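# What the coordinates show
Listed below, chain by chain, are the residues.
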Amino acid sequence: MSRKEILEALRAKVASGKPIIGGGAGTGISAKSAEAGGIDLLVIYNSGRFRMAGRGSLSGLLAYGDANGIVMEMANEVLPVVKHTPVLAGVNGTDPFRVMPHFLKQVKEIGFAGVQNFPTVGLIDGVFRANLEETGMGFGPEIDMIRMANELDLLTSPYVFDIEQAKEMAAAGADILVPHMGLTTSGTIGAQTALSLEEAATKVQELADAARSVNPDILCLCHGGPIANPEDAQYILDNTEGIVGFYGASSIERFPTETGIREQTEKFTQITFNK
């Protein structure tokens, strides 16, 4: 599907009153299962691989591998088994070892429908973040990457963390904006420190409104922090205006894996045999 066709399908779904659901896939079986469940968009990136290896999602922001290399490796596992769902690549826009226009062309040629800015320095704060900005590895290159992807007619679905970023990403041509509320809570390797749902709803609304002040047609979803389960996502949608869906990563694949395998194993431990 082309970018235009994907957006037309998503807008038609929203017009019918149904939410857009996107999700991360760290393995081929995750992608196949999410597609079978009716997911609208799939995103693959390095944290998905680390997450499904039992490590925290923030592994994707540390020096545990080449993020852009990993997503291209994951493409070989995921793209062949996904039949009709658009798959986006998580691209590390700050990567100083990639000629980004060339890399984005490779991303498109291999079969990705679009991109998302992940890993993202938006999850980093403090002096370290300030130093990244000062040395050319800040959020600016992520905005530039989204702009380049838009020029290549790739679907773009960036994460944003504050009002200024929301405006800049909208101006760069973002199709789907995802206000990011931080590392997802819950589960065995989830965050403990997070906003409340009430605070998240307020912040999601602020970032979405900022983006729509630049582009009224931008689609806005929610993600992360306390928005961990379907009930949480419903709360955000009930307490905001113009938020039309949810992006899940841990929520879509880690939680079901943790609970499903454990519960199935527990059931097997209860079987009996004849003495």
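Residues numbered from 1 in each chain as written. Predicted model: local features only at pLDDT ≥ 70, side-chain atom pairs only at ≥ 80, totals over all residues. Heavy atoms only, no water.

The protein chain has the name Phosphoenolpyruvate hydrolase family protein in an unreviewed UniProt entry, where Dermabacter vaginalis is given as its organism.

### Let's talk about the pattern of salt bridges
One pass over the structure, following the stated rule, counts twelve salt bridges. Among the ionic pairs, E253 bridges to R51, the shortest N-O distance being 3.4 Å. Of this pair, E253 sits in helix α11 (residues 250-268) while R51 sits in helix α3 (residues 46-52), and the two are 202 residues apart along the sequence. E253 gets classed as buried once you look at its relative accessible area, which sits at 4%. On the basis of relative accessibility, which here comes to 4%, the residue R51 falls in the buried class. One salt bridge in this structure joins R254 and E258, with 3.1 Å as the shortest N-O distance. In this pair, R254 and E258 both sit in helix α11, four residues apart, roughly one turn of the helix. Connected through shared salt-bridge partners, R3, D153 and D175 make up one network. (Salt bridge = Lys/Arg side-chain N within 4 Å of Asp/Glu carboxyl O. Helix = DSSP H or I, 4+ residues; strand = E, 2+ residues; numbered from the N terminus. Buried < 20%, exposed > 50% of the residue type's maximum accessible area, 1.4 Å probe, protein only.)

### Digging into the sheet that holds strand β2 (residues 41-44)
If you walk across this open sheet you meet the nine strands as β5-β4-β3-β2-β1-β9-β8-β7-β6, and the pairing is parallel. Only two strands of the sheet have a single neighbouring strand rather than two, namely β5 (155-156) and β6 (159-160). Pairing geometry for strand β8 (residues 219-222) and strand β9 (residues 243-248), over two bridges, is parallel. By the bridge assignment, C220 is partnered in β9 with I243. Of the strands in this sheet, β1 (20-24) and β9 touch α11, which is tilted by about 60° from β1. (Pairing = 2+ DSSP bridges. Contact = heavy atoms within 4.5 Å. Axes fitted to C-alpha atoms, helices over the stretch in contact; angles between N-to-C directions.)

### Looking at the packing of helix α5 (residues 100-110) against helix α7 (residues 140-151)
Look at α5 against α7: their axes get within 10 Å of each other, and the N-to-C directions meet at 50°. The angle between α5 and α7 places the two elements in the oblique class. Crossing of α5 over α7 shows right-handed handedness. On α7, the residues touching M100, P101 and L104 of α5 are M145, M148 and A149. (Parallel < 35°, antiparallel > 145°, perpendicular 65-115°, else oblique. Left-handed = near helix turned anticlockwise from the far one by under 90°.)

### Topic: the nonpolar core
Counting residues in each nonpolar core, the largest one holds 77 residues, and the members touching the most others are V91, F112 and V115. The greatest single-element share of this core, amounting to eight residues, is contributed by helix α9 (residues 197-212). When neighbours within four sequence positions are excluded, F112 is seen to be in contact with I44, V71, M72, A75, L79, V87, L88, A89, V107 and L154. (Core = buried A, V, L, I, M, F, W, Y, C linked by side-chain atoms within 4.5 Å.)

### Some words on the pairing of strand β4 (residues 114-117)
Neither face of β4 is exposed, since G114 and Q116 on one face and V115 and N117 on the opposite face are all buried. Sheet topology places strand β3 (residues 87-91) next to β4; four bridges connect them, and they run parallel. Looking at the pairing, A89 lines up with V115 of β4. In terms of strand pairing, β4 meets β5 through two bridges, oriented parallel. Across the sheet, residue G114 finds its bridge partner in β5, namely L155.

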